[in-house]
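Observations on the three-dimensional arrangement
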Amino acid sequence: MNVPLVPFVRVLRGRAVLAHTDALRSVYTDAFCAPPWNEDEERAAEFAERLPRDARRPGFTAALAFVGRSVVGFAGGWTTLPPFPADRCYPQAAAGLGARRTNDWLCGAFEVDELAVRPDAQGSGLAGRLLEAVTALAPEGRSWLLTSVQAPRAMAFYHRQGWIQATHPSPDGKGVVVFLGPRHPARGLVPQPL
């Protein structure tokens, strides 16, 4: 009888992750080529190109899941420094929270930027293990992330992991949602939708 191998998770800091760039790009492609993300090789190439820059960010941490020597999933992020970024999807997050909450809740907190698991490892609990590993040392438990309102499976996953939705854009929209981690001290201050 073949017993499936349980992936082991290894946490890396800073530039140590760069030794695995090709594997991370492959996992990224496998995880994000399907709906609702529908990303292509160009987006995977952009991810790989920005990885060396991201690995130099303060607090950069990555959790990689291995089966043998193969990477089957990863999570990564860094400390969000003030002033709050104004590129990518950050302006939508800031608009949803307002300037004061954005500064108080997100600046200085650990931002989960990516979480990806190969399709054949999805549904195994691995994504939750990666998320926990990458946020374990978040300053004062303060971790946060963004996801798309058009990704109901991702949103449901974060809710199941104990993350709390801090912004509530229209479900029919194309906005992003801010989630605060399970140990974030501002969890009790999050306004609930009507």
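None of these values were measured; they are calculated from a predicted model. (Residues numbered from 1 in each chain as written. Predicted model: local features only at pLDDT ≥ 70, side-chain atom pairs only at ≥ 80, totals over all residues. Heavy atoms only, no water.)

1. Re empty space enclosed by the protein
Put simply, the rule is: Grid points spaced at 1 Å over the protein atoms alone were grouped into cavities, where a 1.4 Å probe fits but cannot get out, and pockets, open sets with protein on both sides within 12 Å along at least five of seven lines, with lining residues defined by an atom within 4 Å of a point. Grid points are joined across faces, edges and corners, and a volume is the space filled by probe spheres set on the points. To qualify as a helix, a DSSP run of H or I must reach at least 4 residues; to qualify as a strand, a run of E must reach at least 2; elements of each kind are numbered from the N terminus.
Under the criterion given, the structure shown has one cavity of 30 Å³ or more. Quantified by volume, the largest cavity comes out at close to 80 Å³. Lining the largest cavity are 15 residues, and of these Phe 47, Leu 51, Phe 60, Phe 74 and Gly 76 lie nearest its centre. The biggest single contributor to the lining of the largest cavity is strand E3 (residues 70-79), with five residues.

2. Focus on the side chain of Thr 61
Note the following rule: To sort residues, take the accessible area from a 1.4 Å probe on protein chains only and compare it with the maximum for the residue type: under 20% means buried, over 50% means exposed, and anything in between is partly exposed. Identification of polar contacts relies on pairs of N or O atoms within 3.5 Å, with a donor-acceptor requirement for protein atoms, meaning one able to donate a hydrogen and the other able to accept it, and with residues adjacent in sequence counted only if both atoms are side-chain atoms. The contact criterion used is simple: two residues touch if any of their non-hydrogen atoms lie within 4.5 Å.
Here Thr 61 is to be found in strand E2 (residues 61-67). A residue is classified by how much of its surface remains accessible, and Thr 61, at 7% relative accessible area, is buried. Reaching out from Thr 61, the side chain makes a polar contact with the backbone oxygen of Gly 59 at a distance of 3.0 Å. Look past the residues within four positions of Thr 61 in its chain and what remains in contact with it is Val 11, Leu 12, Arg 13, Ala 75, Gly 76, Gly 77, Phe 110 and Val 134.

3. Comments concerning the environment of Glu 46
For Glu 46, the position within the fold is in helix H2 (residues 41-55). Under the relative-accessibility criterion, Glu 46 is labelled partly exposed at 35%. The spacing of Glu 46 and Arg 25 is 21 residues in sequence and 9.4 Å in space, taken between C-alpha atoms.

4. Re the packing of helix H3 (residues 90-97) against helix H4 (residues 99-106)
The criterion, for reference: Axis definition: a line fitted to C-alpha atoms, over the contacting stretch in the case of helices. Angles run 0 to 180 degrees between N-to-C directions. Working definition: roughly parallel below 35 degrees, roughly antiparallel above 145 degrees, roughly perpendicular at 65 to 115 degrees, and oblique for all remaining angles. Each crossing gets its handedness from the near helix: less than a right angle anticlockwise from the far helix is left-handed, clockwise is right-handed. Polar here means any residue other than Ala, Val, Leu, Ile, Met, Phe, Trp, Tyr, Cys and Pro, which are nonpolar, and Asp, Glu, Lys and Arg, which are charged; Gly is therefore polar.
Running from N to C, H3 and H4 cross one another at 110°; their axes reach a closest spacing of 6 Å. Classified by the angle between their axes, H3 and H4 sit roughly perpendicular to one another. Seen along the crossing, H3 lies across H4 with a hand that is right-handed. For the pair H3 and H4, contact is made by Ala 93, Ala 94 and Leu 97 and by Ala 99, Arg 101, Thr 102, Trp 105 and Leu 106, respectively. Here the residues of the contact of H3 with H4 sort into six nonpolar, one polar and one charged.

5. Quick word on the layout of surface pockets
Taken as a whole, the largest pocket encloses approximately 1,400 Å³ of empty space. Taken together, 44 residues form the lining of the largest pocket, with Phe 32, Trp 37, Leu 115, Thr 147 and Ala 154 sitting closest to its centre. Of all the secondary structure elements, the ones that give two or more residues to the lining of the largest pocket are helix H1 (21-32), H2, strand E4 (110-117), helix H5 (126-135), strand E5 (143-148) and helix H6 (152-160). When residues in the lining of the largest pocket are grouped by element, the largest group, seven residues, is from E4. Looking at the lining of the largest pocket, its residues break down into 24 nonpolar, 10 polar and 10 charged.

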